[in-house]
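Read off the chains here:
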Amino acid sequence: MDQAVTFKNNGQINVILNGQKKTYHEKISESASYEIKIPKTQPQHVILNEMEAELNTLVGMEEMKRMLKEIYAWIYINKKREEQGLKAGKQSLHMMFKGNPGTGKTTVARLIGKLFFQMNVLSKGHLIEAERADLVGEYIGHTAQKTRDLIKKSIGGILFIDEAYSLARGGEKDFGKEAIDTLVKHMEDKQHEFVLILAGYSKEMDHFLTLNPGLHSRFPLVVDFPDYSVEQLMEISKRMMIEREYTFSKEAEWKLRDHLNMIKTNMAPAKFSNGRYVRNVIEKSIRSQAMRLLTSDQYQRDDLMTIKSQDLVIKE
């Protein structure tokens, strides 16, 4: 008897007897399946790893990087304590950033909002940036209402007030004091619903803390943002250039380094805007390069990418 047998992937067997086709079904066991499912394991400390990756994109800020890792460790261990039925107390996370302009304070505030949201410390993680004009009103009672409205918008996220010492510039009769008093009250009443970050120059912020007896104790996290060194500023400039797909010629790099050395030597630290200054130099130089290329009618890839010495727009 002539017969032909064929196999199908779904476990079906076809048998042909003398030209007649019959079909049989065979149940294939689980072990015979070609599809093997491997359970996925969740890598440990994913949020910490992502946070460190973002922190590594920032130049310097060693104290801030250490502090954020400590906060992560505290939150993580608190969760483990809860799992074991132990008490897991909450801590106030209001912060004060002290440092000169352009040292990365706003950038870090945004990163903190993202981290706290991922760790369920904040329900939204958004950042509200404010200054004196956003809090201080024009008549009695107006300031308190403006400040309360701003805090309401910040619930679930971070309220970041730059140059916070300006709230106290007008003295005792100024409405800025009313804003400070309102902030102090809500820092306590809603301390786990939002995070307040006050930022400004170191000396002025130290004086600001003396204006209200309750201020100092309500900022358990005070971080200094030191000025960048010339090497750090050069590293920042290179990262900015890479991000924009530009590169310095050797001569341009030397010129910028010499200029930054001169600036750091002769300019008062409080008047130098650090990373912001470097960014402005690069953006002006890119515009200058564009004019040079347009005039010379040069559009090769290397021409379009290279910032030359003559393109650097800097004050000698």
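Residues numbered from 1 in each chain as written. Predicted model: local features only at pLDDT ≥ 70, side-chain atom pairs only at ≥ 80, totals over all residues. Heavy atoms only, no water.

### Examining the packing of aromatic side chains
The way to describe two aromatic rings as a pair is by their centre distance and the angle between their planes. Enumeration over the complete set of coordinates arrives at four aromatic pairs. Seen from their ring centres, Tyr-72 and Tyr-76 are 6.0 Å apart, and the 20 degrees between their planes marks the pair as stacked. Highlighted residues: Tyr-72 and Tyr-76, both in helix H2 (residues 62-83), separated by four residues, approximately one helical turn. With relative accessibility at 6%, the residue Tyr-72 sits in the buried group. (Phe/Tyr/Trp six-rings, centres within 6.5 Å; stacked < 30°, edge-to-face > 60°. Helix = DSSP H or I, 4+ residues; strand = E, 2+ residues; numbered from the N terminus. Buried < 20%, exposed > 50% of the residue type's maximum accessible area, 1.4 Å probe, protein only.)

### Comments concerning the sheet that holds strand S5 (residues 127-130)
Pairing between sheet strands relies on hydrogen bonds along the backbone, with the strands arranged either parallel or antiparallel. What the five strands build is an open sheet, ordered S5-S6-S7-S4-S8; its pairing is parallel. One side of each edge strand has no neighbouring strand; the edge strands of this open sheet are S5 and strand S8 (221-225). For this sheet, the mean angle separating the axes of adjacent strands, direction not counted, is 20 degrees. Of the pairings in the sheet, the one linking strand S4 (residues 95-99) to S8 comprises five bridges and is parallel in character. (Pairing = 2+ DSSP bridges. Axes fitted to C-alpha atoms, helices over the stretch in contact; angles between N-to-C directions.)

### Some remarks on the nonpolar core
Core analysis: the biggest nonpolar cluster contains 53 residues, and Met-64, Met-95, Phe-97, Ile-112, Phe-116, Ile-197 and Leu-260 have the highest contact counts within it. In this structure Ile-197 touches Met-95, Phe-97, Ala-109, Ile-112, Ile-158, Leu-159, Phe-160 and Ile-161, once residues within four positions along its chain are discounted. Grouped together as the second largest cluster of nonpolar side chains are 24 residues, Leu-150, Leu-159, Leu-167 and Met-187 included. (Core = buried A, V, L, I, M, F, W, Y, C linked by side-chain atoms within 4.5 Å. Contact = heavy atoms within 4.5 Å.)

### What about the pattern of salt bridges?
Scanning all chains against the criterion turns up 15 salt bridges. Salt-bridge contacts for Glu-283 lead to Arg-244; the nearest nitrogen and oxygen are separated by 3.6 Å. Taken as a pair, Glu-283 in helix H10 (residues 274-296) and Arg-244 in helix H8 (residues 230-244) lie far apart in primary sequence, 39 residues in all. Exposure remark for Glu-283: the relative accessible area of 30% places this residue in the partly exposed category. (Salt bridge = Lys/Arg side-chain N within 4 Å of Asp/Glu carboxyl O.)

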